[in-house]
Amino acid sequence: MPNRVFKDMAAVAAIEPDAELMLRLKAGDSASFAPLLARHRAPVIHFLYRMVQNQAVAEELAQEAFLRVYRARESYEPTAKFTTWLFRIALHLALNHLRDARGEGARQGPGERLEDSGEREMPDPAPTIEQWLLDQARLEEVRGAIRALSEKQRAAVILHKYQEVEYSQIARILGCSESAVKSLLFRAYETLRLRLAHMA
Amino acid sequence: MAMDCPMRAPDGMELLLGYCARRLDLETASALEGHIAACPACQVWTKSQSQVWTALEAWEPAPVSADFDRQIYARLQSEREGRGWWRTLLRPWLRLSGLRPALSLGLAGLLVVVAFWMQKPKATPSPTPNQTQTETLDPDRLEKALDDVDMLRQLSLVGTPDTPLR
C-alpha cells in the first residue's frame, strides 16, 4: 500500500471516520464497506423513500448509490464530507428516477400513480379502524404536500427536517449557495404551512 | 408590534426555523422566546411552523428490507464476476498452483515469438513476369533516328568554314 495513502488516512481519520473507511476501501480493504453500509443504509433509504415515495424504488436506488460508492473507491479523495458525496449520489439518482417516472406517468395517463399507496405503513392498527383511516388521510395530506413541492425544495426540506443536515451541507448536496438553500427552505415551509394549515 | 416583524427577514426566519426545529442553544432559544411572547407576528409564524413540523414528523419511513445488504453484496459479487470473465474461464487451471509457472512461461514464450516475428525484415518482393520490361525495336523509329543523325552530320559540315561544300 503506498505511503501517501497511509498519510491521507491518518490526516482524515481525525476528522471523519467515514473518510477513513473510504480510504481503507480504496487501499483494498473490502471489509471497510460493511461499516459504511451499516451506518448510512437507513438514512439514505429514508431520504430516497421520501423523495420518490415508493419503498421498493427507494431501496433499489439506495443499492445503486452504494454500488456507485464502491465502484468509485479507487478515485475517492476525501475533499468533502463523505455524507455530502453519498447524498449527492442519492439525490442524483432520485431526480433521475422522478424525471423518468414523470415521462412514464405522462404515458400511463393521469389515473395511474407510481407512488406507494401508503397502506404498508400501518404502524399500529390496534386503536380503531376509524383512527387508522384518519391517520392515513393525514399522512396522505403530508405526502401530497411534500410531493407538490419542486424537486429541489423537496430535497431541501427532507434533508433539513428528516436528515437534520446543516444549511452549508445541504448547499453542497444541492450544488447551490447557502443563501439559495435558505431561500428554498423558507419558500418550501411557507407552501407547507399553507397546504397543511387545515390540519391544525 | 407590527405584523411585519423584522424577525421575519431571512436571518430572523432562520432563527425562528431553528427554534421550531428545536435546534437552537438554550441561551438563543430563551432570548427568542422573549421576543415571540411580545410579537404577534412571530407568535403566528412559530405556531403555524410548529404545526407543520409536527405534521411532517408523522410521516415515518418504512423499515428497511431485511435482505437489503445481501442484495447489495450479491450485486457486487456479480459485478466482480462479470468484470473478470476470463479469470472465471481460467479458474480451474489457476487453482492448480503447479500450472501457474508453466502458464506464465508459456505466455512469455508466446510474447517472444510474436515480437521476433514482428521484428523480422520483410523480403524484397521480386517483380512478377508481367512487370519485366521488354525492349522492342521499331524499324520505322530506327530508320527515322538514323536519318536525323545523318541530317545533323550534314548540318555540322555546312557550319564549318574550312570544309568545302559538296
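Note that the structure is a prediction, hence the values are computed from the model and not measured.

Reports of interface size often rely on the accessible area that becomes lost once the parts have come together. Taken together, the contact pairs 32 residues of chain B with 40 residues of chain A. Buried surface at the junction of chain B and chain A, summed over both partners, amounts to about 3600 Å²; 63% is from carbon and sulfur atoms. When the buried area of chain B at its contact with chain A is split by residue, B:Leu56, B:Trp59 and B:Phe68 rank highest and sum to 23% of it. Counting across the chain B and chain A interface gives 5 salt bridges. A:Arg71 is the partner of B:Glu79 in a salt bridge, and the nearest nitrogen-oxygen pair spans 2.5 Å. Remark: the boundary between chain B and chain A carries 13 residue pairs in polar contact (both at pLDDT 80 or more). For the side of chain B that touches chain A, the per-class residue count stands at 18 nonpolar, 5 polar and 9 charged.

So, about the nonpolar core. Counting 81 residues, the largest nonpolar core has A:Phe47, A:Leu48, A:Met51, A:Val157, A:Tyr189, A:Leu192 and B:Leu56 as its most contacted members. Element by element, the count of residues in this core is highest for helix 3 (residues 33-52) of chain A, at 10 residues. When sequence neighbours within four positions are dropped, the list of residues in contact with A:Leu192 reads A:Ala145, A:Ile146, A:Leu149, A:Val157, A:Ala197, B:Val52 and B:Leu56.

Our focus in this paragraph is the packing of helix 1 (residues 10-20) of chain B against helix 3 (residues 40-57) of chain B. Residue and element names in this part refer to chain B. Taken N-terminus to C-terminus, the directions of helix 1 and helix 3 make an angle of 45°; their axes are 9 Å apart at the nearest point. Relative to helix 3, the element helix 1 lies oblique. Viewed along their axes, helix 1 and helix 3 form a crossing whose handedness is right-handed. For the pair formed by helix 1 and helix 3, the contact residues are Met13, Leu16, Leu17, Tyr19 and Cys20 on the first element and Cys42, Trp45, Thr46, Gln49, Ser50 and Trp53 on the second. For the contact of helix 1 with helix 3, the per-class residue count stands at 8 nonpolar, 3 polar and no charged.

When their charged atoms lie close together, side chains carrying opposite charge are able to pair. For the structure on display, the rule yields 17 salt bridges over all chains. Residue B:Asp69 is joined to A:Arg41 by a salt bridge in which the shortest nitrogen-to-oxygen separation is 2.7 Å. Residue B:Asp69 is located in helix 4 (residues 68-83), and its partner A:Arg41 is located in helix 3; the two belong to separate chains. Residue A:Asp100 pairs with A:Arg99 through a salt bridge whose shortest N-O separation is 3.7 Å. The partly exposed category is assigned to A:Asp100, whose relative accessible area is 47%. What emerges from the salt-bridge pattern is a single network uniting A:Glu64, A:Arg68, A:Arg71, B:Arg75 and B:Glu79.

Attention shifts here to the packing of aromatic side chains. Taken as a whole and assessed by the stated rule, the structure comprises 9 aromatic pairs over all chains. A centroid spacing of 6.1 Å and a plane angle of 90° characterise the contact between A:Phe33 and B:Tyr73, whose relative ring orientation is edge-to-face. Residue A:Phe33 is located in helix 3, and its partner B:Tyr73 is located in helix 4; the two belong to separate chains. Residue B:Tyr73 is classed as partly exposed on the basis of its relative accessible area of 34%. On the numbers, 5.9 Å between centres and 55° between planes, the contact of A:Tyr49 with B:Trp59 is tilted. One end of the pair, A:Tyr49, is in helix 3; the other, B:Trp59, is in the loop between helix 3 and helix 4, on a second chain. Just as A:Tyr49 is buried, B:Trp59 falls in that class too. One aromatic cluster is present, formed by A:Phe33, A:Tyr70 and B:Tyr73 through successive ring pairs.

Okay, the side chain of A:Arg50 next. Within the secondary structure, A:Arg50 is located in helix 3. Salt bridges are absent for the buried A:Arg50, whose nearest opposite-charge side chain, B:Glu60, sits at 7.5 Å. When residues no more than four places from it in sequence are discounted, the contact partners of A:Arg50 are A:Ile146, A:Arg154, A:Ile158, A:Tyr162, A:Gln163, B:Trp59, B:Glu60 and B:Pro61.

To continue, consider helix 1 of chain B. Listed as buried for helix 1 of chain B are B:Gly12, B:Met13, B:Leu16, B:Leu17, B:Gly18 and B:Cys20. Where the residues of helix 1 of chain B are buried, they touch helix 7 (151-162), helix 8 (167-174) and helix 9 (178-196) of chain A together with helix 2 (26-38) and helix 3 of chain B. With its phi angle positive at about 55°, B:Arg22 sits one or two positions after the end of helix 1 of chain B.

Turning our eyes to something else, we now look at unusual backbone geometry. Positioned with a positive phi, A:Glu164 is a non-glycine residue whose angle comes to about 55°. By secondary structure assignment, the location of A:Glu164 is in the loop between helix 7 and helix 8. Judged by its relative accessible area of 56%, A:Glu164 falls in the exposed class. Of note, B:Arg22 is a non-glycine position whose phi angle comes to about 55°, a positive value. Relative to the helices and strands, B:Arg22 resides in the loop between helix 1 and helix 2.

So, on to the packing of helix 2 of chain B against helix 3 of chain B. Residues and elements named next belong to chain B. Between helix 2 and helix 3, whose axes approach to 5 Å, the crossing angle comes to 110°. When the axis of helix 2 is compared with that of helix 3, the two are roughly perpendicular. On helix 3, the residues touching His35, Ile36, Ala37 and Ala38 of helix 2 are Pro40, Cys42, Gln43 and Thr46. Here the residues of the contact of helix 2 with helix 3 are counted per class, giving 5 nonpolar, 3 polar and no charged.

What counts, and where the lines are drawn
Residues numbered from 1 in each chain as written. Chains lettered and ligands numbered in written order. Predicted model: local features only at pLDDT ≥ 70, side-chain atom pairs only at ≥ 80, totals over all residues. Heavy atoms only, no water. Contact = heavy atoms within 4.5 Å. Buried area = accessible area lost by both parts, 1.4 Å probe. Salt bridge = Lys/Arg side-chain N within 4 Å of Asp/Glu carboxyl O. Polar contact = N/O pair within 3.5 Å; in protein donor to acceptor, adjacent residues only side chain to side chain. Nonpolar A, V, L, I, M, F, W, Y, C, P; charged D, E, K, R; others polar. Core = buried A, V, L, I, M, F, W, Y, C linked by side-chain atoms within 4.5 Å. Buried < 20%, exposed > 50% of the residue type's maximum accessible area, 1.4 Å probe, protein only. Helix = DSSP H or I, 4+ residues; strand = E, 2+ residues; numbered from the N terminus. Axes fitted to C-alpha atoms, helices over the stretch in contact; angles between N-to-C directions. Parallel < 35°, antiparallel > 145°, perpendicular 65-115°, else oblique. Left-handed = near helix turned anticlockwise from the far one by under 90°. Phe/Tyr/Trp six-rings, centres within 6.5 Å; stacked < 30°, edge-to-face > 60°. Lys, Arg positive; Asp, Glu negative; His and termini not counted.

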